[in-house]
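Listed below, chain by chain, are the residues.
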Amino acid sequence: MAPTRLVVLISGSGSNLQAIIDACESGEINANIAAVISNKADAYGLERAKSAGIATHVLSHKEFDSREAYDAQLMHIIDSFEPNLVVLAGFMRILTPNLVQKYVGKMLNIHPSLLPKYQGLNTHQRAIDAKDDVHGVSVHFVTEELDGGPVILQAKVPVFADDTADTLAKRVHAQEHIIYPLVIKWFSEQRLTMEADYAVLDEKQLPAHGAHYPK
């Protein structure tokens, strides 16, 4: 089976990107990262990509008059690398319907909460404020609803009484770096697809909250 071609979109440090790079380089995932695209020129993830010999591209949203114009150019750049899968790894942009529809079923995102809880930002503090005893992370297919596409895999972490958003984030990040490469591995093995409003793994419909890691 030919390696899956990935394009990864980032805005920041790229720790999930690094986990994916490592999994590709070790052979854990039968995939190659064709390019890393960032909307911020100072994103440290670009340095991670360059260190791994991966093509990089910066497309600043500040140079465009509208979200639609930005996404049209972003689609053009993504398509130039002919990916099988587009991976959002901390890409802090709300995508337009046109872009989402173009890659429907072929675009993944990771979100630091147990979706559908805490869509949007500041998820760790919101979990603490709600006095949750369990928090976590979800990998999902991207749809037009923000953080609302079919969930594929979740990992849970405990919330401790003395947690801050930072300490809780560290615990969540450790799980992110395990489950994101795992989901990409499933996709690269052609075991994972998206139907109308749910994910399918090994020809079985996943529940609304996806599979759970570890099982």
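See the structure printed just above.
Residues numbered from 1 in each chain as written. Predicted model: local features only at pLDDT ≥ 70, side-chain atom pairs only at ≥ 80, totals over all residues. Heavy atoms only, no water.

Section: the side chain of H140
Piece 1. Among the structural elements, H140 can be located in strand β6 (residues 134-141).
Piece 2. Taking relative accessible area as the criterion, H140 reaches 2% and is therefore assigned buried. (Helix = DSSP H or I, 4+ residues; strand = E, 2+ residues; numbered from the N terminus. Buried < 20%, exposed > 50% of the residue type's maximum accessible area, 1.4 Å probe, protein only.)

Brief notes about the sheet that holds strand β10 (residues 204-205)
Piece 1. With antiparallel pairing, three strands are arranged side by side in an open sheet as β8-β9-β10. Of all the strands in the sheet, the pair left with one neighbour each is β8 (192-194) and β10.
Piece 2. Bridge count between β8 and strand β9 (residues 199-201): three bridges; the pairing is antiparallel. If you follow L192 over to β9, its bridge partner there is L201. (Pairing = 2+ DSSP bridges.)

Looking at the sheet that holds β6
Pairing between the strands of a sheet is mediated by backbone hydrogen bonds and can be parallel or antiparallel.
Piece 1. The strand order across the open sheet formed by eight strands is β3-β2-β1-β4-β5-β6-β7-β11, and the pairing between neighbours is mixed. The sheet is open, and its two edges are formed by β3 (55-58) and β11 (211-213), each paired on a single side. For this sheet the average axis-to-axis angle between neighbouring strands, irrespective of direction, equals 20°.
Piece 2. Where strand β5 (residues 107-111) and β6 come together, four bridges link them in antiparallel fashion. Note on β6: the bridge partner recorded for I110 is V139.
Piece 3. Along the sheet, helix α1 (residues 15-26) contacts β1 (4-10), β2 (31-38), β4 (85-88) and β5; its crossing angle with β2, the most-contacted strand, is approximately 160°.
Piece 4. Along the sheet, helix α6 (residues 165-188) contacts β1, β4, β5, β6, β7 (151-158) and β11; its crossing angle with β7, the most-contacted strand, is approximately 155°. (Axes fitted to C-alpha atoms, helices over the stretch in contact; angles between N-to-C directions. Contact = heavy atoms within 4.5 Å.)

Notes on the layout of surface pockets
Piece 1. For the largest pocket, the calculated volume is near 930 Å³.
Piece 2. Taken together, 36 residues line the largest pocket, and the ones lying closest to its centre are G90, F91, M92, I110 and P112.
Piece 3. Of all the secondary structure elements, the ones that give two or more residues to the lining of the largest pocket are α1, β5, α5 (123-129) and α6.
Piece 4. Taken together, the residues of the lining of the largest pocket break down into 14 nonpolar, 17 polar and five charged.
Piece 5. Roughly 200 Å³ of internal volume is contained in the second largest pocket. (1 Å grid on protein atoms, 1.4 Å probe; cavity = no way out; pocket = protein on both sides within 12 Å on 5 of 7 lines; lining within 4 Å. Points joined across faces, edges and corners; volume = space filled by probe spheres on them. Nonpolar A, V, L, I, M, F, W, Y, C, P; charged D, E, K, R; others polar.)

Details of the nonpolar core
Piece 1. Residues L6, I33, V36, I152, Y180, I184 and L192 are the most contacted members of the largest nonpolar core, which totals 47 residues.
Piece 2. Here the element with the most residues in this core is α6; it accounts for nine residues.
Piece 3. Beyond its immediate stretch of four places on either side in the chain, I184 contacts L6, I20, I29, L85, V87 and L108. (Core = buried A, V, L, I, M, F, W, Y, C linked by side-chain atoms within 4.5 Å.)

A word on the packing of α1 against helix α2 (residues 44-51)
Piece 1. Between α1 and α2, whose axes approach to 9 Å, the crossing angle comes to 15°. Comparing their axes, α2 and α1 come out roughly parallel. The way α1 lies across α2 gives a crossing that is right-handed. Residues S15, L17, Q18 and I21 of α1 form the contact with α2, whose own contacting residues are G45, R48 and A49. (Parallel < 35°, antiparallel > 145°, perpendicular 65-115°, else oblique. Left-handed = near helix turned anticlockwise from the far one by under 90°.)

As for α6
Piece 1. In a regular helix each residue adds 1.5 Å, so 24 residues correspond to 34 Å; α6 covers 33 Å between its end C-alpha atoms and thus fits that length.
Piece 2. At E176, α6 shows its maximal kink, close to 25°.
Piece 3. Just past α6, the residue Q190 takes up positive phi, approximately 60°. (Expected span 1.5 Å × (residues − 1). Bend = angle between axes of the 7 residues up to and from the residue.)

Digging into the environment of K170
Piece 1. Position of K170 relative to the elements: it lies in helix α6.
Piece 2. In this structure, the C-alpha to C-alpha distance between K170 and F64, residues 106 residues apart in sequence, is 34 Å.

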